[in-house]
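# A structural walkthrough
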Protein chains: 2
Amino acid sequence: MSESKPSVSAALLVIGDEILSGRTQDKNIHFLANHLTSIGIDLREVRVVPDDEAMIVAAVNTLRTSYDYLFTTGGIGPTHDDITALSLARAFGVPLVEHEDALALMAKRYGETGLTPARRLMARVPEGGVLVGDPETNSPGFMIDNVFMLAGVPAICRAMIKTLTPHLRTGPHVLSLSMTAKCKESEIAALLSRQQEASAAISIGSYPYFRGGEYGVNIVLRGTDEVKLQAAFKALASELETYGADIIIPDGASGE
Amino acid sequence: MSESKPSVSAALLVIGDEILSGRTQDKNIHFLANHLTSIGIDLREVRVVPDDEAMIVAAVNTLRTSYDYLFTTGGIGPTHDDITALSLARAFGVPLVEHEDALALMAKRYGETGLTPARRLMARVPEGGVLVGDPETNSPGFMIDNVFMLAGVPAICRAMIKTLTPHLRTGPHVLSLSMTAKCKESEIAALLSRQQEASAAISIGSYPYFRGGEYGVNIVLRGTDEVKLQAAFKALASELETYGADIIIPDGASGE
């Protein structure tokens, strides 16, 4: 049952003053985290930076060389504060050029006369970039080397990632099983720690909550080997029962 | 009207596998971004990293030396995957020690006999750390140098930041004014760009939307000088009217 594909890592760079000022609540981090996990890509790091060229360039160059893929969101519109394409060109040390396919897509959408200077700005891409077209909205997104530029507007971001998903290399799927123990986390901390030590291939996460006057702990086991995951799950449930904890195992017991 | 206090910068480090796997949706970034903006602290960068000591240490050391303050969220519970205090100790090159005030707070809450080994783990702090007590929940949080360890559980995180806010140095408040132009962003991109060039002290952000079949752009002007902000706002509204855009100015016109 265990998959032997090598794992594939990714980072996400969220670009935009509006996220850091609190004006806008980011909706892409959670969506992309779920999506990448579901297709077998391991999201290892997220950064949020302002519309600041030096900060974008530094983050892009660190992240694209540290992980298999880098996704950026935001800053791809036609206005002065949309500097993602320019910053990517600087990061790669290449000129920013008009991309023929993107221009053609825009001409199709707006007509030749609607191809205003502002719209032409959106067809600029770091030299060597490849168009990642979204057939539904014609929003041009670009890929250069291992970096994908996605829109900040959530609906467009989602459409873009859907379009490019078939082109991504993926690793083994991370499977998960979860249970809830109705007790305080500190009571079972030592028990969880022993179980973690006994199952090196599985990662055990524990997330306490306090709701309606009751303490509880959601426990999530994650790993790529289904047999080992099931074994660790059974061993943990058995230990918790022996300890006397009231545990709840959801039907089908596969979270995420 | 303009404030002349020096600006104060901050970074936020969100720690937790569960955010990167998509299991949990972070709720602290948006809250802290709003809160810090409202008290006059400029949030300049956010990073999300897994429960991985090396990655936490590297991020802590970069961020605490780059900004006036660093806030961390997550990883402060009693279980094996709660490694924030340990990682902070490594980052500062100091031992992790039991903190007397935190132990006293816990003894008060749980009684001497309820002070289990797992609970004692939560009273460990990098040597030199100072307790940031939350009087409501007795959740111990710590400050070491310019770094604050906050809880990942949103309600506790909020209680903690409230407790420590009076102790933070703050800079000038960023004021904002906003309007909506009912047109496509690309139509007014050049106009916005000219206005931005004319008002160096003000930052103009433009956020397009598409709702119910209608295009529009939310335009936000931000700055610390109220007189310059008002002047830039009026100039922009006048330019947009001259252009023929249908604009909406909210009553009181102060966003965020």
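Refer to the structure above for everything that follows.
Before going into details, it helps to say that this report is about the structure given with it. What you see is a predicted model; the values in this text were computed from it and never measured. Residue positions are given per chain, counting from 1 as you read along its sequence in written order. As a convention, the first chain written is A and the first ligand written is 1, with the rest following in written order. In keeping with the model being predicted, local features are shown solely for residues with a pLDDT of at least 70 and side-chain atom pairs are shown and tallied solely at 80 or more, while totals for entire chains, interfaces and linings include all residues. Excluding hydrogens and water, the side-chain values take into account all heavy atoms of the structure.

### With respect to the interface of chain A and chain B
- Any two residues whose heavy atoms approach within 4.5 Å are treated as being in contact. Taken together, the contacts link 52 residues of chain A with 52 residues of chain B.
- Once two parts are put together, the accessible area they lose, assessed with a 1.4 Å probe and summed over both, is termed the buried area. Both faces considered, chain A and chain B share a buried interface measuring about 4,400 Å² in area, 53% of it formed by carbon and sulfur atoms.
- Considering only the surface of chain A that becomes buried against chain B, Leu20, Arg23 and His80 of chain A emerge as the three largest contributors, covering 15% of it.
- Salt bridge, as used here, is a side-chain nitrogen of Lys or Arg placed within 4 Å of a carboxyl oxygen of Asp or Glu. Across the pair Asp52 of chain A and Arg44 of chain B runs a salt bridge whose closest N-O atoms are separated by 3.6 Å.
- Polar contact is the term for a pair of N or O atoms within 3.5 Å; when the atoms are in protein, one must be able to donate a hydrogen and the other to accept it, and sequence-neighboring residues count only if both atoms are side-chain atoms. The interface formed by chain A and chain B includes 16 residue pairs in polar contact (both at pLDDT 80 or more).
- The helix count covers DSSP runs of H or I at least four residues long, the strand count covers runs of E at least two residues long, and both are numbered beginning at the N terminus. When residues of the side of chain A that touches chain B are traced back to their parent elements, those giving at least two are α1 (17-20), α2 (28-39), β2 (42-49), α5 (100-110), α6 (117-121), α8 (185-198), β10 (203-211) and β11 (214-223) of chain A.
- No other element matches β2 of chain A, which puts seven residues into the side of chain A that touches chain B.
- Amino acid classes used here: Ala, Val, Leu, Ile, Met, Phe, Trp, Tyr, Cys and Pro are nonpolar; Asp, Glu, Lys and Arg are charged; the rest, including Gly, are polar. Class assignment of the residues belonging to the side of chain A that touches chain B gives a composition of 22 nonpolar, 16 polar and 14 charged.
- With three bridges joining them, β2 of chain A and strand β2 (residues 42-49) of chain B adopt antiparallel strand pairing. The residue bridging Val46 of chain A from the neighbouring strand is Val48 of chain B, located in β2 of chain B. Being paired, for any two strands, means DSSP has found at least two bridges between them.

### Things to note about α2 of chain A
Residue and element names in this part refer to chain A.
- The terminal C-alpha atoms of α2 lie 16 Å apart, and with 12 residues this matches the ideal 16 Å at 1.5 Å per residue to within 8%.
- Within α2 the residues assigned to the buried category are Asn28, Ile29, Leu32, Ala33, His35, Leu36, Thr37 and Ile39.
- Phi turns positive, to about 90°, at Gly40, one or two residues after α2. A helix is expected to span 1.5 Å multiplied by its residue count minus one. Three exposure classes are used, based on accessible area relative to the maximum for each residue type with a 1.4 Å probe and protein chains only: buried under 20%, partly exposed in between, and exposed over 50%.

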